[in-house]
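Single-letter residue listing:
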Amino acid sequence: MDTNTKKEVDIMNCTSETLTWENIDWETVGNEVKNLQTRIFVAKQKNDRRQLRRLQKLLFKSHSNRLIALRRVLIYNDGKKTLGIDKTTISKKQRIKLYYEISKMDMHKYKPLPVKRIKNKLCPLGIPTIKDHCIQAMVRNCLEPEWEAVFESTSYGFRPGRSHHDALARIYTTLSVKKIGNNRKNWVLDANIESFFDNVDHNYIFEQLDNFPMKHLIYKWLKSGHIELSKFNPTDSGISQGGIISPLLANIVLTDLAKVLKTEPDSTGRVRGSRVYVRYADNFVVLCSSLKEARKTHLEISTWLKSKGLKTTIHKTRIVNISDGFDFLGINIRQYETKAKSKVKGKILLMRPSKIEILNIKQKLKSEWSFLRGKSITTVLNRLNPKILGWRNYFRKYVSVNTFRELDNWTYLKAWNYASRMHPNKGKRWIYEKYFGNFVSTRNDKWIFGDKRTGNHLQKFAWGNIQRHILVKGHNSIYDPKLEQYWEKRQIHLFKKTKTLSEIKMAHRQKFLCPVCKTSLYGEENLDKHHLIPQSVEKIDKYWNLLLIHKSCHQILHSNKDLNKAILNEFLPDPKRIIKSNTKLQLR
């Protein structure tokens, strides 16, 4: 065993013979990757090219980077469900085998397989193999911190710590200015790039990457081609939409557009232009002060895109006044004249769910109700609740009260039709007593649909209280070491806004961190409830016996006795407190 391998195994607190997925020290692994990424970010800010490239090479060769990449692909992104052309699946036992396989690879001789082309409603997807996915994740970990120091402040798509809601909040703060003057942005250029991922010029991407150490790997991915209907097709242009590095490359391509529009601060920190440019991936809007300026902006953008082999979509690109409104990321943004009796005089800007999104959710739920005819009530609730919660959580940040009520009334009719079909010979009162009631004691609502045997019930849209989103500040990046406290507070705030009261209470005693990997509970991965005293010993659903934990970390915890014991000692309260809770358990 060489020196580097021995060092890696020592950090993971095990030998190469006993290394398993369960005994990896994820806290140490995560901290090592985070430390190198912050140093890459700082080196780019200082324009220290030599240090930047040295750190990127160091991170790419790091065992921790390989493990984080595998975890992201196989667990966060659920890579086992997105199979490439090799149709290879990775079981839990094969994760370490894949880690060693990637570790021994010569990246100069590495040749990726073509992606599997899948037709989608919006755009075709190219699915790489799982091994290619993992290596892409390794490269992304090295490239992303460098470009996070470069990206414009009003770019929000597929960037860590940023979301759809930040892009929409930026538009709202700009358009809702009440003072009338020359700088008021009344005109909006709503643009979309036609077949962006299929037509991007490869040479331009390579120019932007400069002398990035893993540039040759990105070249191989872009030129690997795709398989569609068992036929190989070469790729001379475009980015395969489906790879884990594709969104980052898309953001890199469009970064210079902000410079063309002069919407970014110059060396003195001032924004010279009068326009505001907000982008989410390849969708963007430019807020202008006049119709003439909006048309001029459209011409500038078209000229710049043409030089890159791109163009705007004719039927999706338009110039509108905010009084007419426009749709962006599923939200209709429009300025309304207030009524004479209204408390707010003049005009008011409202952001509401778009009509298309309302029709889409109704169509999805309608299809589900049709599929669920004759199915058990448990199946109905398990399939419908995630869709209702997902839609509600996205649109609860906007003016959605009336929309939520409308959807609840519509869903009630569907639920009643389901119950009537299940029991065609029963009367209305019998059906009500069987399926409806006040399942939530804190709500004065006797018309909640659910299963009275288990207490499980159908969620309602109107239960999502309207809560405004707080816009991320300026150029703030999660890789900036000076902003650790800012991001900690922001993640806690976002967690509280999206989770239930019981989940917040559980997370508070953990300081909103996963007890296994010590990372924030707010993020991509699903959460599980962990019982300190196992349910096999005694079923205790009290807060002192519950922890919130990442789903993957929960599996590790149950298979690692030493880790389980350490967390039990850390979080289990004083035995006297347990005895007071009237449990039958006798602790030693």
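Please read these numbers as outputs of a predicted model, since none were measured by experiment. Note on numbering: residues in each chain are counted from 1, in written sequence order. In keeping with the predicted nature of the model, local features appear solely for residues at pLDDT of at least 70, side-chain atom pairs appear and are counted solely at 80 or more, and the whole-chain, interface and lining totals rest on all residues. Where side-chain values are given, they derive from all heavy atoms of the structure, hydrogens and water being excluded.

What to know about the sheet that holds strand E1 (residues 115–118)
Spatially, E2-E1-E4-E5 is the arrangement adopted by the 4 strands of the open sheet, whose pairing is mixed. Each end of this open sheet is capped by a strand with a single partner; those strands are strand E2 (125–127) and strand E5 (231–233). Across the sheet, the mean angle from the axis of one strand to that of its neighbour is 35°, orientation sign disregarded. By this definition, two strands are paired if DSSP reports at least two bridges between them. The helix count covers DSSP runs of H or I at least four residues long, the strand count covers runs of E at least two residues long, and both are numbered beginning at the N terminus. Note that strand E4 (residues 226–228) and E5 share 3 bridges and pair antiparallel. Bridge pairing in E5 links Glu228 to Lys231. Axes here refer to lines fitted to C-alpha atoms; in helices the fit is confined to the stretch in contact. Angles between the N-to-C directions go from 0 to 180 degrees.

A few points about the packing of aromatic side chains
Only rings of Phe, Tyr and Trp enter the pairing, Trp through its six-membered ring, and a pair is recorded when the two centres are within 6.5 Å. The plane angle decides the type: under 30 degrees is stacked, over 60 is edge-to-face, the rest tilted. Counted by the stated rule, this structure contains 29 aromatic pairs. Where Phe158 meets Tyr280, the ring centres are 5.7 Å apart and the plane angle is 45°; that geometry is what we call tilted. Note that Phe158 is positioned in the loop between helix H6 (130–148) and helix H7 (164–175) and Tyr280 in strand E6 (residues 276–280), a separation of 122 residues in sequence. Only protein chains enter the accessibility calculation, which uses a 1.4 Å probe. A residue is then buried if its area is under 20% of the maximum for its type, exposed if over 50%, and partly exposed in between. Classification of Tyr280 as buried rests on a relative accessible area of 9%. Only when the NZ of Lys or the CZ of Arg is both within 6 Å of the ring centre and within 35 degrees of the ring normal is a charge said to sit over the ring. Above the plane of the ring of Trp26 lies Arg71, whose end atom (NZ or CZ) is 4.7 Å from the centre. Of note, Arg468 hangs over the ring of Tyr172, and the distance from its end group to the ring centre comes to 6.0 Å.

Some thoughts on the nonpolar core
Put simply, a nonpolar core is a bunch of buried Ala, Val, Leu, Ile, Met, Phe, Trp, Tyr and Cys residues held in one set by side-chain atoms that sit within 4.5 Å of each other. Ranked by size, the top nonpolar core spans 93 residues in total, and within it Val139, Leu143, Phe196, Leu217, Ile218 and Leu249 carry the most contacts. When near neighbours in sequence (up to four residues on either side) are disregarded, Leu249 contacts Leu143, Ile205, Ile218, Leu222 and Ile239. In this structure, Ala281, Leu287, Val320 and Leu458 belong to the second largest nonpolar core, which totals 51 residues. Note on contacts: a residue pair is in contact if any heavy atoms of the two residues lie within 4.5 Å.

Remarks on the packing of helix H14 (residues 355–371) against helix H16 (residues 401–422)
The geometry of H14 relative to H16 is characterised by a closest axis approach of 11 Å and an angle of 15° between their N-to-C directions. One finds that H14 runs roughly parallel with respect to H16. Note on packing geometry: the crossing formed by H14 with H16 is right-handed. Residues Ile358, Ile361, Lys362, Leu365, Lys366 and Trp369 of H14 form the contact with H16, whose participating residues are Thr403, Glu406, Leu407, Trp410, Thr411, Lys414, Ala415 and Tyr418. Polar here means any residue outside two lists: the nonpolar Ala, Val, Leu, Ile, Met, Phe, Trp, Tyr, Cys and Pro, and the charged Asp, Glu, Lys and Arg; Gly therefore counts as polar. Each residue belonging to the contact of H14 with H16 can be placed in one class, and the counts come to 8 nonpolar, 2 polar and 4 charged. The cut-offs work like this: below 35 degrees is roughly parallel, past 145 is roughly antiparallel, 65 to 115 is roughly perpendicular, and the gaps in between are oblique. Take the far helix as the reference: if the near one is turned anticlockwise from it by less than a right angle, the crossing is left-handed, and if turned clockwise, right-handed.

Here we look at the confidence of the model for the protein chain
For the protein chain, mean pLDDT is 86; residues scoring 70 or higher make up 88% of the total. Each residue carries a pLDDT score, the predictor's confidence in it, ranging from 0 to 100. In this model, residues 1–7 is a region of pLDDT below 50 whose contacts with residues beyond four sequence positions or in other chains number 2 contacts. This model gives residues 584–588 a pLDDT under 50, and the stretch forms 6 contacts once residues within four places in sequence are excluded.

Describing a nonpolar patch on the surface
Within this analysis, patches are made of residues with over 30% relative accessible area and no salt bridge. Like charges are joined at 9 Å or less; nonpolar side chains (Val, Leu, Ile, Met, Phe, Trp, Tyr) at 5 Å or less. Here the open area of atoms and residues is found with the Shrake-Rupley method and a 1.4 Å probe, where only the protein chains shown may cover a residue. Basic side-chain nitrogens of Lys or Arg form a salt bridge, by our definition, when they fall within 4 Å of a carboxyl oxygen of Asp or Glu. A contiguous nonpolar patch, built from Tyr412, Leu413 and Trp447 and spanning about 300 Å² of accessible area, is present on the exposed surface. Residue placement: Trp447 occurs in the loop between strand E12 (436–437) and strand E13 (448–449). The partly exposed category is assigned to Trp447, whose relative accessible area is 41%.

Some words on unusual backbone geometry
If a residue is not glycine, its phi is most likely negative; likewise, a peptide bond is most likely trans. Its identity is not glycine, yet Asn47 carries a phi of approximately 60°, on the positive side. Note that Asn47 resides in the loop between helix H2 (26–45) and helix H3 (49–61). The backbone phi angle of Lys511 is positive, close to 60°, even though this residue is not glycine. Relative to the helices and strands, Lys511 resides in the loop between helix H19 (501–509) and strand E14 (527–531). On the basis of relative accessibility, which here comes to 66%, the residue Lys511 falls in the exposed class.

Brief notes about the pattern of salt bridges
Under the criterion given, the structure shown has 21 salt bridges. For Asp210, the salt bridge goes to Arg53, with nearest N and O atoms at 4.0 Å. Taken together, the residues Asp210 in the loop between helix H9 (202–209) and helix H10 (215–222) and Arg53 in helix H3 connect sequence positions 157 residues apart. Under the relative-accessibility criterion, Asp210 is labelled partly exposed at 34%. Assessed through its relative accessible area of 9%, Arg53 is described here as buried. Among the charged side chains, a network of salt bridges with common partners joins Lys44, Arg49, Arg53, Glu146 and Asp210.

With respect to the side chain of Thr38
Within the element layout of this structure, Thr38 appears in helix H2. Ignoring any residue separated from it by four or fewer positions in sequence, one finds Thr38 in contact with Tyr479 and Pro481.

Digging into the packing of H3 against H6
Each pair of packed helices gets described by two things: the angle between the helix axes and the distance between those axes. Look at H3 against H6: their axes get within 9 Å of each other, and the N-to-C directions meet at 155°. With respect to H6, the axis of H3 lies roughly antiparallel. The two elements H3 and H6 cross, and the hand of that crossing is right-handed. Residues Leu52, Arg53, Gln56, Leu59 and Phe60 of H3 pack against Met138, Val139, Asn141, Cys142, Leu143 and Glu146 of H6. A breakdown of the residues in the contact of H3 with H6 according to their chemical character gives 7 nonpolar, 2 polar and 2 charged.

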